[in-house]
Amino acid sequence: MKSDSFYITTPIYYVNDKPHIGHAYTTVLADVLARCQRLFGRDVWFLTGTDEHGQKVQEAAAKLGVEPQVHADHTVVRFQEAWKRLEIRNDDFIRTTEPRHKLVVQEMLQDLHDRGEIYRDEYDGWYCVPCERFFTEKDLADGSCPECGRPVQRVREANYFFKMSQYQDWLVEYIQTHPEFIQPDFRRNETLGFLRKPLQDLCISRPKSRLSWGIELPFDKDYVTYVWFDALVNYISAVGYRRDDAQFARRWPAVHLIGKDILTTHTVYWPCMLKAAGVAMPRTIFAHGWWLMGSAKMSKTAGNVVNPMDMMDRYGVDPFRYFLMAEMAMGQDASFTEDAFIRRYNADLANDLGNLLNRVVSMVGKYCAGRLPAPAPGAFAQGPAADLFAQALAAAAGLKTAVETYALHAGVAGVIDVVRATNRFIEVQQPWAQARAADPGPLHTTLYAAAEVLRVCAGLLMPLMPGKMTELRAALGMENPMTVNPEELSKSEVLKPGVQVAAPGALFPRIEAPAPAAETKPDAPSAEESRAGKPASAPGTLGNPEGIITYEDFAKVQLRTAKIMTAEPIENAVKLLKLTVLMGDERRQIVAGIALYYKPEDLLGKTVVVVSNLAPIKLRGVESQGMLLAASKGERLRLVTVDGDLSSGAVVK
Ligand SMILES: [Zn+2]
């Protein structure tokens, strides 16, 4: 790797998925980091792509009656289109069904097999079909899959194993001596915690009798490669590993951006695979957090997915990218709500940045006939303009450090601080008063300095908002507003006095916040009711408005998550299903009136919300120990579910 090389990757996304905010965040983050590094003069390569093998693709294709490849060719477009619309400028897009990838995986497997790193063995254990994973007896949670809670199958078959266990001590040592390797720190500790248990060898094959849609093992035609052993290799197959030594030497090692849910595969499997193959370790594996809505993880399995396309349509690509980068502290979780979006948009973009441009343009128009004035000689050597500009240079340095240390949000906040400081600078300098003085020097310096700082800030924010910042820089009369020359971020007086300054209209028009919905406090009447003129208190409701219960009332209801383990019809009761749910360690039988809406087999493994302190009742002679929460409207009914990452028995509040 050349010292100025910067190779960044996103995970390759499962081609069956529809792009959602999780994908969008990782990809925008990678794009922004890549653009920032380019801005700082690095030799950047940015890779994303799709993971196209495995059971789910095979099944989805079979359902549609098409070949898996045809199905993948069809669905991959959703990602490619989404990234186009999100202004993602990846240098390469790899698909694991491409020959350039498959051949490298097979060569790597053959090489590891030849060197005794892969062996064949009889396997006896438990297999979860939906998760495509094996488990040992003690891994099982109450006899079911520990990942999804579904029933598992006893499997006895021959498979191929990668001798991963032999790298355990080496990996622990490597992680401990390379603090930059896994970030943030708490994720490194998580991996080290995982490595305190003995590391098993990794089963890297699947018999074709069970799964045929995969990369065939080069040394046994009856097997395909386990999806992770295939997918992870994309990071090196895409940059010339075993094909183009010069390219590989120039790019590798990479910075891998991942979601925290795929930490183990990236920080344990992948390093061991690379070690066995004799390839250098990735520079950094950075696991970011999740976007939350309320307290639930936002993912494809929960019903709370914000479609990035919708958000873009409503607010524009650039503000959307800005929000994702500014709102989430890298590595932490953050909440995605429309309210949060509007708050940040109005504060940072409309009130601060857009307003500053507006002021500069309108005052240059008013006092200088729309032509950028020249600053007084020496104004950038000392005095208030020099002090202000020094802050802009510090923000540029701060952003660079923030990008290097995976704290992008902090770097962005630093730039917005300078924008605020410039608005204050205008308040203090009072150009409207300066305009009345005989000497135009101070007025010209004030306006020119504000424009110069805007130029630098727009350059620094260009990786986040390429469209809007190009417009901003064009408004300042720059000749090539799109191209930020790294050098211009470290020097003053780049703008040419005399150029025409004119805004194309409001850059970030203020969003009028929609009326707050569903945020009524439990002990206050809703706005709706107040407007409707209903009495503030109705008889028999303990002095509370009609239909409103107190917090204490609500607290009596205990809601807990539960995993559905079995589901079966009840004789002579077409609407009812008898369910067994697991609530922590407790098993309960619940009768639910959902038979018209759910097939029993579709319920297995779902994590639902149960009223757990309801007195048991008998329905059609069957005892029900609790009630499921469901939402219904018209002919439809859907169960309230939580995302699979929360274990059953969790308290819902
Ligand atoms: Zn499972």
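The rules behind each value
Residues numbered from 1 in each chain as written. Predicted model: local features only at pLDDT ≥ 70, side-chain atom pairs only at ≥ 80, totals over all residues. Heavy atoms only, no water. Axes fitted to C-alpha atoms, helices over the stretch in contact; angles between N-to-C directions. Helix = DSSP H or I, 4+ residues; strand = E, 2+ residues; numbered from the N terminus. Parallel < 35°, antiparallel > 145°, perpendicular 65-115°, else oblique. Contact = heavy atoms within 4.5 Å. Nonpolar A, V, L, I, M, F, W, Y, C, P; charged D, E, K, R; others polar. Core = buried A, V, L, I, M, F, W, Y, C linked by side-chain atoms within 4.5 Å. Buried < 20%, exposed > 50% of the residue type's maximum accessible area, 1.4 Å probe, protein only. Donors = N, O, S within 2.8 Å, 3.2 Å for Na, K, Ca; no water. Tetrahedral: all angles 85-135°; square planar, octahedral: opposite > 155°, others 65-115°. Salt bridge = Lys/Arg side-chain N within 4 Å of Asp/Glu carboxyl O. Pairing = 2+ DSSP bridges.

Colleague: So what's going on with the packing of helix α12 (residues 317–327) against helix α13 (residues 338–368)? Residues and values would help.
Modeller: Put simply, α12 and α13 touch, their axes get as near as 10 Å, and they point 95° apart. Viewed along their axes, α12 and α13 adopt a mutual orientation that is roughly perpendicular. In this structure, α12 contributes P319, F320, Y322, F323, A326 and E327 to the contact, and α13 contributes A340, F341, R344, Y345, D348 and L349. By residue class, the composition of the contact of α12 with α13 is 9 nonpolar, no polar and 3 charged.

Colleague: Just give me the short version of the nonpolar core, but keep the residues and values in it.
Modeller: Formed by 110 residues in total, the largest nonpolar core has its most connected members in L324, L353, L408 and M469. At 14 residues, the largest contribution of residues to this core is made by α13. Apart from residues lying up to four places away in sequence, L324 is in contact with I21, A24, Y25, V28, W291 and F336.

Colleague: Pulling in residues and values, what's your account of the coordination of the zinc ion?
Modeller: Those protein atoms acting as donors to the zinc ion are C128 (SG), C131 (SG), C145 (SG) and C148 (SG), and they sit at 2.2 to 2.3 Å. Coordination at the zinc ion comes from 4 donor atoms whose angles at the metal span 107 to 114°, giving a geometry best classed as tetrahedral. As a motif over one chain, the donors of the zinc ion read C-x2-C-x13-C-x2-C. Taking the relative accessible area as the measure of exposure, C128 reaches 0% and is therefore buried.

Colleague: Tell me what's going on with the pattern of salt bridges, and back it up with residues and numbers.
Modeller: For the structure shown, the criterion picks out 39 salt bridges. Taking the shortest distance from any N to any O, the salt bridge between D92 and R100 comes out at 2.9 Å. Among the residues examined, D92 registers a relative accessible area of 14% and is labelled buried. Classification of R100 as partly exposed rests on a relative accessible area of 29%. Here E488 ties to R455 by a salt bridge, and the two come within 3.3 Å at their closest N and O atoms. Of this pair, E488 sits in the loop between α18 (466–475) and α19 (527–532) while R455 sits in helix α17 (residues 441–461), and the two are 33 residues apart along the sequence. Given the relative accessible area of 7%, E488 is considered buried. Overall, R455 belongs to the buried group, its relative accessible area being 0%. Linked by salt bridges that have partners in common, E327, R344, D348, D352, D417 and R420 make up one network.

Colleague: Can you lay out the sheet that holds strand β6 (residues 133–135) for me, pointing to particular residues and giving the numbers?
Modeller: Reading across from one edge, β6-β5-β7-β9 is the order of the 4 strands in this open sheet, with antiparallel pairing throughout. Each having just a single partner strand, β6 and β9 (202–203) make up the two edges of the open sheet. In this structure, strand β5 (residues 118–128) lies alongside strand β7 (residues 153–162), joined through 10 bridges in antiparallel fashion. Following the sheet pairing, G125 is matched in β7 by V155.

Colleague: Describe the pairing of strand β1 (residues 5–9), and please don't skip the residues or the numbers.
Modeller: Within β1, 5 of the 5 residues are buried, which leaves the element mostly enclosed by the surrounding structure. Taking every second residue as pointing to the same face, both faces of β1 are buried, with S5, Y7 and T9 on one and F6 and I8 on the other. Here β1 runs beside strand β13 (residues 255–259); their pairing, made up of 2 bridges, is parallel. The partner of T9 across the bridge, within β13, is H256.

Colleague: Quick rundown of the sheet that holds strand β10 (residues 205–207)? Include the residues and the values.
Modeller: Strand order across the open sheet formed by 3 strands is β10-β12-β11, with antiparallel pairing between neighbours. Edge strands, defined here as strands with exactly one partner in the open sheet, are β10 and β11 (216–217). As paired strands, β10 and strand β12 (residues 220–225) are joined by 3 bridges and run antiparallel to one another. Among the inter-strand pairings, R206 is bridged to a residue of β12, identified as V224.

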